[in-house]
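Read off the chains here:
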Amino acid sequence: MSAEPRPTDHERPLTARVFFALQPPEALARVLADVARQAAEQQGGRPTRCATIHLTLAFLGDVPVADLPVLEALGEGLRGLRFSLRIDRLGYWPNKRLLWAGLSEVPDGLRYVQRQLLAALAAAGYRTDPAGRGFAPHLTLVRRLPPDGAAALVAGGLRPLDWPCSSFALFRSDPGASGPEHIVLREFPLA
């Protein structure tokens, strides 16, 4: 059995597409992936795969690979307490044709961690919200959902799903044949 050839320096990517996010426990991710699959089967669109379901805290986009240790240290320095989320609603963004699951109430613990993360990133010179949209915590379920099917899905709602959050992570997003692959670069525990 031969090992795959290692990329030479000129073949290694110079940038990585990265983001900080919460990753749901596997059982919760499976439930949300089933909701996504059923919605796409009923109304069309592309469901999010179980392995890529997450709640983004800060999206950085493409950054130099050399910056990854800086981002890991930044995440390591963040302090926050554990909190719980209740995923209890579905929504639709027509401009993005995106069905999402979200929260009726955003807990203070989530707001605190996200604000601390953005402040640390800004202090280090990173821009995370250039469009000024603000924080809208959600989990993407279906992309390219036809608008005519969205209202029925949103009206049908979502049974509440509880999610105890004990960590967040820095992810790298790599292109893949069936959509992006999300790789955890570093996980950061909450106290």
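In the block above lies the structure referred to throughout.
A few points on the structure. (Residues numbered from 1 in each chain as written. Predicted model: local features only at pLDDT ≥ 70, side-chain atom pairs only at ≥ 80, totals over all residues. Heavy atoms only, no water.)

**A few points about helix α1 (residues 26-43)**
In step 1: Taking 1.5 Å of rise per residue, 18 residues should cover 26 Å, and α1 covers 25 Å from first to last C-alpha, within 8% of that figure.
In step 2: Contacts made by the buried residues of α1 are with β2 (46-47), β4 (83-87), β6 (98-102), β7 (138-143), α4 (147-156) and β8 (161-165).
In step 3: A positive phi of about 100° marks Gly 44, the residue just after α1. (Helix = DSSP H or I, 4+ residues; strand = E, 2+ residues; numbered from the N terminus. Expected span 1.5 Å × (residues − 1). Contact = heavy atoms within 4.5 Å.)

**A closer look at the sheet that holds β7**
In step 1: Pairing is antiparallel in the open sheet, where 4 strands are placed in the order β2-β7-β6-β5. Among the strands making up the open sheet, the edge pair consists of β2 and β5 (89-93).
In step 2: Relative to β7, β6 runs antiparallel, the two being bridged by 4 bridges. What sits directly across from Gly 102, in β7, is His 138.
In step 3: Where α1 meets the sheet, it contacts β2, β6 and β7, and its direction lies at approximately 30° from that of β7.
In step 4: Across the face of the sheet, α4 comes into contact with β5 and β6 while running at roughly 160° to β5. (Pairing = 2+ DSSP bridges. Axes fitted to C-alpha atoms, helices over the stretch in contact; angles between N-to-C directions.)

**Here we look at the pairing of β7**
In step 1: Bridge count for β2 against β7 is 2 bridges, and the pairing is antiparallel. Within the sheet, the bridge partner assigned to Arg 46 lies in β7 and is Arg 143.

**As for the packing of aromatic side chains**
In step 1: Going through the model one piece at a time under the given rule, you end up with 5 aromatic pairs.
In step 2: Considering the side-chain rings of Phe 19 and Phe 171, the 5.1 Å spacing of their centres and the 5° angle between planes classify their relative orientation as stacked. Separated by 152 residues along the polypeptide, Phe 19 in strand β1 (residues 15-22) and Phe 171 in strand β9 (residues 167-174) bring together distant segments of the chain.
In step 3: Residue classification places Phe 19 among the buried residues on the basis of a relative accessible area of 3%.
In step 4: Three or more aromatic residues joined by ring pairs form one cluster here, namely Phe 20, Phe 168 and Phe 188. (Phe/Tyr/Trp six-rings, centres within 6.5 Å; stacked < 30°, edge-to-face > 60°. Buried < 20%, exposed > 50% of the residue type's maximum accessible area, 1.4 Å probe, protein only.)

**A closer look at a positive patch on the surface**
In step 1: Residues Arg 46, Lys 96, Arg 97, Arg 133, Arg 143 and Arg 144 make up a contiguous surface patch of positive charge.
In step 2: Along the chain, the position of Arg 144 falls in the loop between β7 and α4. (Patch = residues over 30% accessible without salt bridge, like charges linked within 9 Å, V, L, I, M, F, W, Y side chains within 5 Å. Areas by Shrake-Rupley, 256 points an atom, 1.4 Å probe, with all protein chains shown as cover. Salt bridge = Lys/Arg side-chain N within 4 Å of Asp/Glu carboxyl O. Lys, Arg positive; Asp, Glu negative; His and termini not counted. Charge placed at Lys NZ, Arg CZ, Asp CG, Glu CD.)

**Remarks on the pattern of salt bridges**
In step 1: On inspection of all chains with the given rule, the structure shows 9 salt bridges.
In step 2: Residue Asp 174 is joined to Arg 172 by a salt bridge in which the shortest nitrogen-to-oxygen separation is 2.8 Å.
In step 3: Among the residues examined, Asp 174 registers a relative accessible area of 24% and is labelled partly exposed.
In step 4: Several salt bridges converge on common partners, so that one network encompasses Asp 34, Arg 37 and Glu 41.

**A look at the nonpolar core**
In step 1: The biggest cluster of nonpolar side chains holds 48 residues, and the ones touching the most others in it are Phe 20, Leu 22, Leu 71, Leu 85 and Ile 87.
In step 2: Per-element accounting of this core gives the leading share, 6 residues, to α1.
In step 3: Excluding residues within four positions of it along the chain, Leu 71 makes contact with Val 18, Phe 20, Leu 60, Val 63, Leu 121, Tyr 126 and Leu 170. (Core = buried A, V, L, I, M, F, W, Y, C linked by side-chain atoms within 4.5 Å.)

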